[in-house]
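The primary structure of each chain is shown beneath.
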Amino acid sequence: MSNRQERRAARAQGDLDTAGFLQVAARFIEVANRENRKIPATDLHLAFLWAASRYNAHVAKAVLEVDDHEAFVTHMVKQYTEMLRQNLADPELDPPAGSA
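Predicted model only: the values in this text are computed from it and were never measured. (Residues numbered from 1 in each chain as written. Predicted model: local features only at pLDDT ≥ 70, side-chain atom pairs only at ≥ 80, totals over all residues. Heavy atoms only, no water.)

**Digging into the overall build of the protein**
Okay, so step 1: When you go through the protein residue by residue, the secondary structure sums to four helices and zero strands.
Okay, so step 2: Starting at the N terminus and ending at the C terminus, the protein contains elements arranged as α-α-α-α.
Okay, so step 3: Considering the protein as a whole, with its 100 residues, one finds that 6% of them fall into the buried category.
Okay, so step 4: In the structure as shown, the protein presents an accessible area of about 8,900 Å², 57% of it carried by carbon and sulfur atoms. (Helix = DSSP H or I, 4+ residues; strand = E, 2+ residues; numbered from the N terminus. Buried < 20%, exposed > 50% of the residue type's maximum accessible area, 1.4 Å probe, protein only. Areas by Shrake-Rupley, 256 points an atom, 1.4 Å probe, with all protein chains shown as cover.)

Below is the structure:
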């Protein structure tokens, strides 16, 4: 089986590879951009953060059945911190020259 076939089979089963992960994330960003037409980004980013925490709490409790909530929180904070640092370092997110 080729790598492409393996990736398709994995996606069909709901497994996310890097490309699939980024595609799902892009759909959430599209929702944020659409909502940002009416809601200030300073409010919207907190709503998305709340939604992410709510969903992650559900996954921890109902799917993973995490007993040690504090260990899970520590793990998630580390992951978020790394993701935020990576995105802040991304030059594609820099504002266009001349904008303020």
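**Overview of helix α4 (residues 69–88)**
Given 3.6 residues per helical turn, the α-helix brings residues three or four places apart onto the same face.
Okay, so step 1: For α4, which comprises 20 residues, the first-to-last C-alpha distance of 28 Å matches the rise-based estimate of 28 Å (1.5 Å per residue) to within 8%.
Okay, so step 2: By the N-cap criterion, in which a side-chain oxygen at the helix start approaches the backbone nitrogen of a residue two or three places on, α4 is capped by aspartate 68, the distance to glutamate 70 being 3.3 Å. (Expected span 1.5 Å × (residues − 1). Polar contact = N/O pair within 3.5 Å; in protein donor to acceptor, adjacent residues only side chain to side chain.)

**Here we look at the packing of helix α3 (residues 41–63) against α4**
Okay, so step 1: Contact geometry of α3 with α4 gives a least axis separation of 12 Å together with a crossing angle of 135 degrees. What the angle tells us is that α3 and α4 run oblique. Crossing hand, α3 versus α4: right-handed. Touching Leu49, Asn56, Ala60 and Lys61 of α3 are His69, Phe72, Met76 and Tyr80, all from α4.
Okay, so step 2: Of the residues belonging to the contact of α3 with α4, the class tally is five nonpolar, two polar and one charged. (Axes fitted to C-alpha atoms, helices over the stretch in contact; angles between N-to-C directions. Parallel < 35°, antiparallel > 145°, perpendicular 65-115°, else oblique. Left-handed = near helix turned anticlockwise from the far one by under 90°. Contact = heavy atoms within 4.5 Å. Nonpolar A, V, L, I, M, F, W, Y, C, P; charged D, E, K, R; others polar.)

**Some thoughts on a nonpolar patch on the surface**
Okay, so step 1: The grouping of Leu46, Leu49, Tyr80, Leu84 and Leu88 at the surface amounts to a nonpolar patch, some 500 Å² of accessible area in total.
Okay, so step 2: Only α3 and α4 provide two or more residues apiece to the nonpolar patch.
Okay, so step 3: Considering each element in turn, the nonpolar patch owes the most residues, three residues, to α4.
Okay, so step 4: The topology assignment puts leucine 46 in helix α3. (Patch = residues over 30% accessible without salt bridge, like charges linked within 9 Å, V, L, I, M, F, W, Y side chains within 5 Å. Salt bridge = Lys/Arg side-chain N within 4 Å of Asp/Glu carboxyl O.)

**Re a negative patch on the surface**
Okay, so step 1: Taken together, Glu65, Asp67, Asp68 and Glu70 make up a surface patch of like negative charges.
Okay, so step 2: Relative to the helices and strands, glutamate 65 resides in the loop between α3 and α4.
Okay, so step 3: Residue glutamate 65 is classed as exposed on the basis of its relative accessible area, which comes to 58%. (Lys, Arg positive; Asp, Glu negative; His and termini not counted. Charge placed at Lys NZ, Arg CZ, Asp CG, Glu CD.)

**Looking at the confidence of the model for the protein**
Okay, so step 1: The predicted model of the protein has a mean per-residue pLDDT of 88, with 83% of residues at 70 or higher.
Okay, so step 2: Per-element mean pLDDT across the protein ranges from 62 in helix α1 (residues 3–12) up to 97 in α4. (pLDDT = per-residue confidence, 0-100.)

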